[in-house]
Amino acid sequence: MSNTITERDVFALLNAPIDIAATVSEVRTERDGAIVTFDGFVRHESHGRQTLYLEYEAYESMALAKMKEIGGLIHERFAVDKVAILHRLGRLEIGETSVFIAISAPHRAAAFEACRFAIDTLKRTVPIWKKEYFADGAVWADGELPPAPPSAPQGAS
Amino acid sequence: MPSVLSNFRVQVLFFGRVRELAGISQESTEVANGATLADLFERYSIRFPELAAFRPSLVASRNQEFVPWNTPLVEGDTIAFLPPVSGG
C-alpha cells in the first residue's frame, strides 16, 4: 500500500496490522530522550450500539500527502526528532489499531504536544472515512468537515 | 460563449457515502470552459438526486488540495467531493 519513509519520518496507509514495536523502534534514536505514542483502536460500541467491525477507506494519494503535511507542520512547530504516522485501511475488528503515531524528541514536552497536534489534525484534515457495521445495519461515521478554504476571487483562473 | 472545441476533460473521484450514493468510484467527464467545481457538482446532483442534500456537508478537492467551490476547472484536473472525514 501507500507509504513513504524519509530519512527522518514514516507515513503509511496499510492493509495489514500496524507493527507498533517496529514503529517505535523506527523513531527511537540516541539523539532523543523521549517518545510519545498515540494508539487509536476500534471500540466495541458507538453511540450505545454494539459495533461488529469497521471499514476504513481513503483517498490514498491525498491522505498520504496530508499526513506528510502534518509531519512538516510538526517539525516547524515543535522541537521533535522523528515522526511516524500510520493508518490502517480496510476491515478492522474490535481492538485492532486503526491509527498509530510515534514521535521522538530530546525532551518530553515537545513530543506530547506534537503527538496531540498530530492526531487532532489528522482527524480534521486527512481524507479517510470510517463505516461502522452493527448487527442491524451500517452507517458512515459522523465526520469532521475540513476547514473550508476562502472563496477564490471571482474571475480568477 | 463556450464552444464544443473549448470543452475539456477532468477526472472525478467519489469516496465514502458519496461513492455509495453515486454508485461509481471514478469517471472521466467533459466540462465546458469556465465551469467551476460547483457547476460540476450541480451536474452530478441532477444525475444522482440523493447527492444534492449532502452538498452542505461536503468539501471539494482539486488535485489533492481542498479548494473553494467557485474554483474554475482546468484541463486534466482530478476533482473529488469529499464527505466529512472520519479517520483515526
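So, here's what we can say about the structure. (Residues numbered from 1 in each chain as written. Chains lettered and ligands numbered in written order. Predicted model: local features only at pLDDT ≥ 70, side-chain atom pairs only at ≥ 80, totals over all residues.)

Let us now look at the overall build of chain A. In terms of helices and strands, chain A carries three helices and ten strands. In terms of overall dimensions, chain A has C-alpha extents of about 50 × 50 × 30 Å along its principal axes. Here chain A, with 157 residues, has 33% of them falling under the buried criterion. Taking the intrachain contacts of chain A between residues at least 6 apart in sequence as the baseline, contacts between residues at least 24 apart amount to 72%. (Helix = DSSP H or I, 4+ residues; strand = E, 2+ residues; numbered from the N terminus. Buried ≥ 20, exposed ≤ 12 C-beta atoms within 10 Å, placed from the backbone. Contact = placed C-beta atoms within 7 Å.)

Bringing helix H3 (residues 108-125) of chain A into the picture now. All names here are of chain A. If you check H3, its first and last C-alpha atoms are 26 Å apart, about what 18 residues at 1.5 Å a residue would give, namely 26 Å. What H3 keeps buried is the set Ala 110, Ala 111, Ala 114, Cys 115, Ala 118 and Leu 122. Viewed end-on, H3 has its buried residues packed into an arc of 130 degrees, placing them on one side of the element. Tucked into the core, H3 has its buried residues touching strand E3 (34-41), helix H2 (60-77), strand E6 (83-88) and strand E8 (97-105). (Expected span 1.5 Å × (residues − 1). Arc of directions from axis to C-beta.)

Residues and elements named next belong to chain B. Read across the open sheet, the five strands follow the order E2-E1-E5-E3-E4; overall the sheet is mixed. Bordering the open sheet on either side are strand E2 (26-31) and strand E4 (65-67), each of which pairs with just one other strand. Across the sheet, the mean angle separating the axes of adjacent strands is 35 degrees when strand polarity is ignored. Two strands pair when backbone bridges link them, and strand E1 (residues 8-14) and E2 are joined in this way by six bridges, in the antiparallel orientation. Residue pairing across strands places Leu 13 opposite Gln 26, the latter belonging to E2. (Pairing = 2+ DSSP bridges. Axes fitted to C-alpha atoms, helices over the stretch in contact; angles between N-to-C directions.)

Next up on the list: the pairing of E6(A). Residues and elements named next belong to chain A. Of all six residues making up E6, six are buried, and the element is well covered by its neighbours. Pairing between strand E2 (residues 10-14) and E6: five bridges, direction parallel. From the neighbouring strand, Val 10 faces E6, where its bridge partner is Ala 84. Note that E6 and E8 share five bridges and pair antiparallel.

Membership of the largest hydrophobic core comes to 59 residues, with the highest contact counts inside it found for A:Ala63, A:Ile85, A:Ile101, A:Ile103, A:Ala111 and A:Ala118. Not counting the four nearest positions on each side in its chain, A:Ile101 is found in contact with A:Thr37, A:Phe38, A:Ala84, A:Ile85, A:Cys115, A:Ala118 and A:Ile119. (Core = buried A, V, L, I, M, F, W, Y, C linked by C-beta atoms within 7 Å.)

Considering the arrangement of structural elements, one finds A:Lys130 in strand E9 (residues 128-134). The buried category is assigned to A:Lys130, around which 22 C-beta atoms lie within 10 Å. A:Lys130 sits 75 residues away from A:Glu55 along the chain, and the two C-alpha atoms are 5.7 Å apart. Not counting residues within four places of it along the chain, the set of residues in contact with A:Lys130 comprises A:Leu54, A:Tyr56, A:Ala141, B:Ser86 and B:Gly87.

Bringing the packing of H2(A) against H3(A) into the picture now. Residues and elements named next belong to chain A. One way to put it is that H2 packs onto H3 with a least axis distance of 10 Å and a crossing angle of 150 degrees. One way to sum up the angle between H2 and H3 is to call them roughly antiparallel. The chirality of how H2 crosses H3 is right-handed. Residue-level contacts link Lys 66, Met 67, Ile 70 and Ile 74 of H2 to Ala 114, Phe 117, Ala 118, Thr 121, Leu 122 and Thr 125 of H3. (Parallel < 35°, antiparallel > 145°, perpendicular 65-115°, else oblique. Left-handed = near helix turned anticlockwise from the far one by under 90°.)

Taken together, the contact between chain A and chain B spans 31 residues of the former and 22 residues of the latter. Every element with two or more residues in the side of chain A that touches chain B is listed here: H2, E8, H3 and E9 of chain A. By residue class, the composition of the side of chain A that touches chain B is 18 nonpolar, eight polar and five charged. (Nonpolar A, V, L, I, M, F, W, Y, C, P; charged D, E, K, R; others polar.)

So, on to unusual backbone geometry. For residues that are not glycine, phi is negative in most cases, and the peptide bond is trans in most cases. Backbone geometry places A:His47, a non-glycine residue, at a positive phi of 50 degrees. Along the chain, A:His47 falls in the loop between strand E4 (45-46) and strand E5 (49-58). Even without a glycine there, the phi angle at B:Gln64 is positive, about 70 degrees. Within the secondary structure, B:Gln64 sits in the loop between strand E3 (59-62) and E4.

For A:His47, a count of 10 C-beta atoms within 10 Å gives the class exposed. Measuring from C-alpha to C-alpha, the distance between A:His47 and A:Trp129 comes to 17 Å, with 82 residues separating the pair along the chain.

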